Amino acid sequence: MAAVTASQTAQTAAGGEAGPDAALQAAFDAAVAADERIEPRDWMPDAYRASLVRQMAQHAHSEIIGMQPEANWITRAPSLRRKAILMAKVQDEAGHGLYLYSAAETLGTGREELLDKLHAGRQRYSSIFNYPTLTWADVGAIGWLVDGAAITNQVPLCRCSYGPYARAMVRICKEESFHQRQGYELLLALSNGTPAQHEMAQDAVNRWWWPSLMMFGPPDDASAHSAQSMAWKIKRHSNDELRQRFVDICVPQAEALGLTLPDPDLRWNEERGRHDFGAIDWTEFQEVLKGNGPCNEQRLTQRRRAHEEGAWVREAAAAYARKHTPGADPAVRNGKATA
Ligand code: BYC
């Protein structure tokens, strides 16, 4: 926030009539209104901090849980080229998780605490990753639709009012854009392949279309956080606005792919200048959020296991960091300490 840091504002406000809290709040409101960035050392309302941690944690968890459905296909990728691309993509998702956990740390919430909450089922990750990847075409459908929905949702987050989140999103969106294109290219190859390959691509799109629309969250009138998050400029558009934008983007792309979208009510509305589309099954969405999706249990079990199995890597990294910390006991630095 270019305006003032918390301590500066407190000093200015000390002699004022409204008191330091009101002055801090006013400075925060003014910074948000002026489209300035809020930075970690700036004063911010507790609820703003808590809502950011909630959303960023959900986002970070989605990135690392999102590695599972596609990693499932790395050993079965049909060529060396496809395998190399898929491995790079899955690694990128781990990196995205890392940027986001680091950004959340700037709000005073450590990665360990967030991971504990994920593993205990106390924080969410995106509903989309509770669906199975049944065929190789699912890797293409995830790239095209899931990463496509993610980009539509996340490009506006590059203008989020919280600086570290906004900056993390810039790089994430560039990489997501590559992911989306690889999925599209994969589906195009299948769609133009043998009749069986074409059918496999169509089947994958049929299964991933509706869950992808659910990624944008509940409809606006049922979205608990949207109004406040938009007022704080964490979110720049409502869930329904972004969902509509995504549908409008996908329709011509599906035509170019030679595939259809599984919605008999999908049609161009001349008056609105947008596509109308069918009703989303919000009962299914709520069930997935409650933990009753096809893969919820599998995803969390696998995540907990990976965390336990990776304990030695974290311990080794921490020992290495201690050893190379300037000022540490020379015996520790030289690896001679026994403790
Ligand atoms: N799944 O008031 P609302 C990726 C929850 S990863 C699960 O509208 P908000 C990728 C919501 O958290 C994609 N939960 O909330 C990775 C809230 O619950 P709590 C992830 C959902 O925050 C690997 C409640 O429902 N992207 O791209 O204003 C490979 C009420 O909702 C979902 C992000 O996370 C859902 N779909 O808006 C490939 C982007 N939707 O917290 C791709 C950042 C809603 O009260 N996040 N909920 O317990 C956001 O933009 C927003 O958090 C949302 C929801 C639009 C998702």
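You'll find the structure just up there.
Quick notes on the rules
Residues numbered from 1 in each chain as written. Predicted model: local features only at pLDDT ≥ 70, side-chain atom pairs only at ≥ 80, totals over all residues. Heavy atoms only, no water. Helix = DSSP H or I, 4+ residues; strand = E, 2+ residues; numbered from the N terminus. Buried < 20%, exposed > 50% of the residue type's maximum accessible area, 1.4 Å probe, protein only. Lys, Arg positive; Asp, Glu negative; His and termini not counted. Charge placed at Lys NZ, Arg CZ, Asp CG, Glu CD. Salt bridge = Lys/Arg side-chain N within 4 Å of Asp/Glu carboxyl O. Near = heavy atom within 4 Å. Polar contact = N/O pair within 3.5 Å; in protein donor to acceptor, adjacent residues only side chain to side chain. Areas by Shrake-Rupley, 256 points an atom, 1.4 Å probe, with all protein chains shown as cover. Nonpolar A, V, L, I, M, F, W, Y, C, P; charged D, E, K, R; others polar. Expected span 1.5 Å × (residues − 1). Contact = heavy atoms within 4.5 Å. Phe/Tyr/Trp six-rings, centres within 6.5 Å; stacked < 30°, edge-to-face > 60°.

Chemist: Can you break down the overall build of the protein chain residue by residue, with the values?
Modeler: On a plain count of helices and strands, the protein chain comes out with 15 helices and 2 strands. Taken along the three principal axes of its C-alpha coordinates, the protein chain extends 75 × 65 × 30 Å. Each of the 339 residues in the protein chain was classed as buried or not, and the buried ones make up 46%. Here the protein chain holds 37 positive side-chain charges and 42 negative ones, and the gap between their average locations is 7 Å.

Chemist: Talk me through unusual backbone geometry; I want residue IDs and the actual numbers.
Modeler: Even without glycine at this site, Asp35 takes up a positive phi of about 60°. Along the chain, Asp35 turns up in the loop between α2 (20–33) and α3 (46–65). Judged by relative accessible area, which is 46%, Asp35 ranks as partly exposed. Even without a glycine there, the phi angle at Lys233 is positive, about 60°.

Chemist: Account for the pattern of salt bridges, with residues named and values stated.
Modeler: Once their charged atoms are close, side chains differing in charge can pair, the charge on each being opposite to the other. Applying the stated criterion across every chain, the model contains 16 salt bridges. Residues Asp248 and Arg274 are paired through a salt bridge, measuring 2.6 Å at the closest nitrogen-oxygen approach. Placement of the pair is Asp248 in helix α11 (residues 239–257) and Arg274 in strand β2 (residues 274–276), with a sequence separation of 26 residues. For Arg274, a relative accessible area of 29% corresponds to the partly exposed category. The partner of Asp276 in a salt bridge is Arg272, with the nearest N and O atoms 2.9 Å apart.

Chemist: Could you give an account of the site of the ligand, naming the residues involved and the relevant values?
Modeler: Surveying the vicinity of the ligand reveals 34 residues, the closest of which are Gln58, Ser127, Ser223, His225 and Lys235. The backbone of Ser127 places a nitrogen or oxygen atom 2.8 Å from a nitrogen atom of the ligand. In the model, an oxygen atom of the ligand is placed 2.7 Å from a nitrogen or oxygen of the Ser223 side chain. Within the complex, the protein chains bury 91% of what would otherwise be the 1000 Å² of accessible surface of the ligand. Top element by residues in the shell around the ligand is α3. It accounts for 6 residues. Split by residue class, the shell around the ligand holds 13 nonpolar, 14 polar and 7 charged.

Chemist: Give a detailed account of α3, specifying residues and quantitative values.
Modeler: The end-to-end C-alpha distance of α3 is 28 Å, a good match for the 28 Å that 20 residues give at a rise of 1.5 Å each. Taken across its 20 residues, α3 has 14 buried, putting it largely inside the fold.

Chemist: Which residues make up the environment of Gln244, and what are the values?
Modeler: Looking at where Gln244 falls in the secondary structure, it is placed in helix α11. C-alpha separation for the pair Gln244 and Asp276, spaced 32 residues apart in sequence, amounts to 8.5 Å. Excluding residues that lie within four positions of it along the chain, Gln244 makes contacts with Arg272, Arg274, His275 and Phe277.

Chemist: Can you break down the packing of aromatic side chains residue by residue, with the values?
Modeler: Following the criterion strictly, the structure yields 9 aromatic pairs and no others. Between Phe28 and Tyr48, the ring centres sit 4.9 Å apart and the planes meet at 75°, which makes this aromatic pair edge-to-face. Taken together, the positions of Phe28 in helix α2 and Tyr48 in helix α3 put the pair 20 residues apart, joining distant regions of the chain. With a relative accessible area of 0%, Phe28 lands in the buried category. Seen in terms of ring centroids, Trp144 and Tyr184 are 6.5 Å apart; in terms of plane orientation they differ by 70°. Their pairing is edge-to-face. One end of the pair, Trp144, is in helix α7 (residues 137–154); the other, Tyr184, is in helix α8 (residues 163–191), and 40 residues separate them in sequence. With a relative accessible area of 0%, Trp144 lands in the buried category.

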